[in-house]
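# Fold and geometry: a report
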Amino acid sequence: IGVRLVGSEMCIRDSLRTIPQNPPTISELGIPQEIVDMLGNTAGMLLVVGGTGSGKTTTCAALIRHILETRHGLSISTYEDPMEHYFDTDIIKTECLIEQAEVNFLLDRWNDVAPTLLRSGSDIYFLGEASDKGGMEALVKLSGLGKFLIATTHANSITQTFSRIGKEFPIDNRDSLLSDVVQKTRGIVSQRLVRAPKGPGRTAVFGYLEFSGFIRDALSKVHPDDLSNELKQYVEKYGVSEFVDATRKYEAGFIHEEDFRALEREFSTDEIQRSEAKKIL
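Note that the structure is predicted; figures quoted are calculated from it, not measured. (Residues numbered from 1 in each chain as written. Predicted model: local features only at pLDDT ≥ 70, side-chain atom pairs only at ≥ 80, totals over all residues. Heavy atoms only, no water.)

## Examining the sheet that holds strand 7 (residues 148–154)
Cut-off, in case you're wondering: A pair of strands is considered paired only if DSSP assigns at least 2 bridges between the two. Working definition: helices are DSSP H or I runs of at least four residues, strands are E runs of at least two. Numbering for both runs from the N terminus. Axis angles are defined between N-to-C directions and span 0 to 180 degrees, where every axis is a line fitted to C-alpha atoms and, for a helix, only to the segment in contact. Here, residues are in contact when the closest pair of their heavy atoms is within 4.5 Å.
As summarised here, the arrangement of the 7 strands in space is 5-4-6-7-3-8-9, forming an open sheet in which the pairing is mixed. Of all strands in the sheet, those with a lone pairing partner are strand 5 (95–102) and strand 9 (202–210), marking the two edges. Averaged over all pairs of adjacent strands, the angle between their axes in this sheet comes to 15°, without regard to strand direction. As paired elements, strand 4 (residues 72–80) and strand 5 share 7 bridges and run parallel to each other. Among the inter-strand pairings, Ile76 is bridged to a residue of strand 5, identified as Ile98. In the packing of helix 6 (residues 133–142) onto the sheet, the strands contacted are strand 3 (44–50), strand 6 (124–127) and strand 7, and the crossing angle to strand 7 comes to about 160°.

Right, dumping it as structure tokens:
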């Protein structure tokens with residue numbers, strides 16, 4: 001909600017989104033099986049990144065629903081800002097326990113989340129929109145608990161994820177904190193929504209990379225300034241880039257041509273910029 005003055009009049013402008021109370025399923029969203037497989041981790045963190053309104057929280061809700069419907073005896077705690085989806089266990093049949101809390105209502109800062117979750121003793125945690133310094137610090141603390149953490153944050157692509165996180169850390173210990181984040185990461189999923197060929201619908205475009213022990217060890221030794229270029233190489237070799245997924249869906253008739261051409265220009269420009277940066281270095 002925004003408030004502004006127009007002459008002597010005060011005007012209020014707000015933005016509203018309709019969100020189904022019950023989260024969608026992974027099949028309804030078309031989430032690739034490779035992303036679902038990352039839920040098999042029992043420790044570390046799965047980061048889901050994208051811009052505002054790209055559907056990150058909805059994707060995470062679908063992944064949590066999948067856990068609830070397919071796993072047994074697990075406990076899940078969510079801390080969200082704000083809470084968007086509600087897991088009604090009268091509708092979603094599960095043998096797991098889920099507790100949801102909204103940060104704004106219960107806590108003053110994201111930093112307060114880590115000690116609170118430590119006391120909860122859950123098996124899986126979800127942190128929604130951890131996009132500022134407090135949120136990033138909470139991720140670092142929670143990722144060392146020996147539990148599995150799903151979190152969303154703002155980044156335009158997989159390759160920009162760690163540089164985005166690093167910007168929130170103090171310069172004097174940024175390198176060590178980023179190395180810790182890399183070691184705790186089990187996967188990164190990047191997504192955006194683009195127009196479908198006809199009608200008002202949107203198509204989700206995913207990029208994803210699962211972090212094996214080899215990838216974590218290799219990236220933890222890379223200088224922070226070089227992480228984006230190194231990540232790009234691992235995505236190309238072991239994962240799927242956003243543009244590869246977009247190309248597949250465009251050829252299958254799921255993406256409007258104008259949006260695909262815009263993506264094509266964006267990724268072509270990124271590639272040129274990376275090449276020029278390598279020459280300078």
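Next, the rest of the story.
## With respect to helix 11 (residues 242–251)
Definition in use: Only protein chains enter the area calculation, which uses a 1.4 Å probe; residues under 20% of their type maximum are buried, those over 50% are exposed, and those in between are partly exposed. Here the arc refers to the set of directions running from the helix axis out to each C-beta atom.
Turning to helix 11, its buried residues number three or more, namely Glu242, Asp245, Ala246 and Lys249. Angular distribution of buried residues about the axis of helix 11 spans 100°; they occupy a single face of the element. Directly beyond the C-terminal end of helix 11, a positive phi value near 90° is found at Gly253.

## Details of the packing of helix 9 (residues 213–220) against helix 10 (residues 227–238)
Which entries qualify depends on this criterion: If an angle is under 35 degrees, it is roughly parallel; if it is over 145, roughly antiparallel; if it lies from 65 to 115, roughly perpendicular; otherwise it is oblique. For any helix crossing, the convention is left-handed if the near helix is rotated counterclockwise from the far helix by under a right angle, and right-handed if that rotation is clockwise.
Two elements in contact, helix 9 and helix 10, have axes separated by 11 Å at closest approach and are oriented at 160°. As summarised for this structure, helix 9 and helix 10 are arranged roughly antiparallel, according to the angle between their axes. Considering how the two elements wind past one another, helix 9 and helix 10 form a crossing that is right-handed. The residues of helix 10 that touch helix 9, namely those facing Phe214, Ile215, Ala218 and Leu219, are Leu227, Glu230, Leu231, Tyr234 and Tyr238.

## Some thoughts on the packing of aromatic side chains
Each aromatic ring pair is specified by the distance between its two centres and by the angle formed by the two planes. Spelled out, the test is: Think of it this way: a Phe, Tyr or Trp ring, Trp meaning its six-membered ring, pairs with another when their centres are within 6.5 Å, and the plane angle makes it stacked under 30 degrees, edge-to-face over 60, tilted otherwise.
Applying the stated criterion to the full structure yields 6 aromatic pairs. Taken together, a centroid distance of 5.7 Å and an interplanar angle of 15° make the contact between Phe243 and Phe260 stacked. Separated by 17 residues along the polypeptide, Phe243 in helix 11 and Phe260 in helix 12 (residues 257–280) bring together distant segments of the chain. Taking relative accessible area as the criterion, Phe260 reaches 4% and is therefore assigned buried.

## Considerations on the pairing of strand 6
Side chains Ile124 and Phe126 project from strand 6 onto one buried face, and the interleaved Tyr125 and Leu127 project onto a second face that is buried too. Relative to strand 6, strand 4 runs parallel, the two being bridged by 4 bridges. Note that in strand 6 the partner of Thr78 across the bridge is Phe126. One ladder, built from 4 bridges, connects strand 6 with strand 7; its direction is parallel.

## Brief notes about the nonpolar core
This is how the line gets drawn: In these notes, a set of buried Ala, Val, Leu, Ile, Met, Phe, Trp, Tyr and Cys residues joined through side-chain atoms within 4.5 Å is what counts as a nonpolar core.
Counting 32 residues, the largest nonpolar core has Leu47, Leu139, Phe162, Ile165, Phe169, Phe211 and Leu219 as the members making the most contacts within it. Ranked by residue count, the leading element in this core is helix 6, at 5 residues. When sequence neighbours within four positions are dropped, the list of residues in contact with Phe211 reads Phe162, Thr185, Arg186, Gly187, Ile188, Arg216, Leu219 and Leu231. Within the second largest apolar cluster, 30 residues are counted, among which are Ile26, Ile35, Phe148 and Ile150.

## A few points about the environment of Asn229
Relative to the helices and strands, Asn229 resides in helix 10. Here Asn229 falls in the buried class, since its relative accessible area comes to 17%.

## Things to note about the environment of Glu230
Looking at the secondary structure, you find Glu230 in helix 10. Through-space distance from the C-alpha of Glu230 to that of Ile215 is 10.0 Å; in sequence the pair is 15 residues apart. The residues contacting Glu230, other than those within four sequence positions of it, are Leu219 and Val222.

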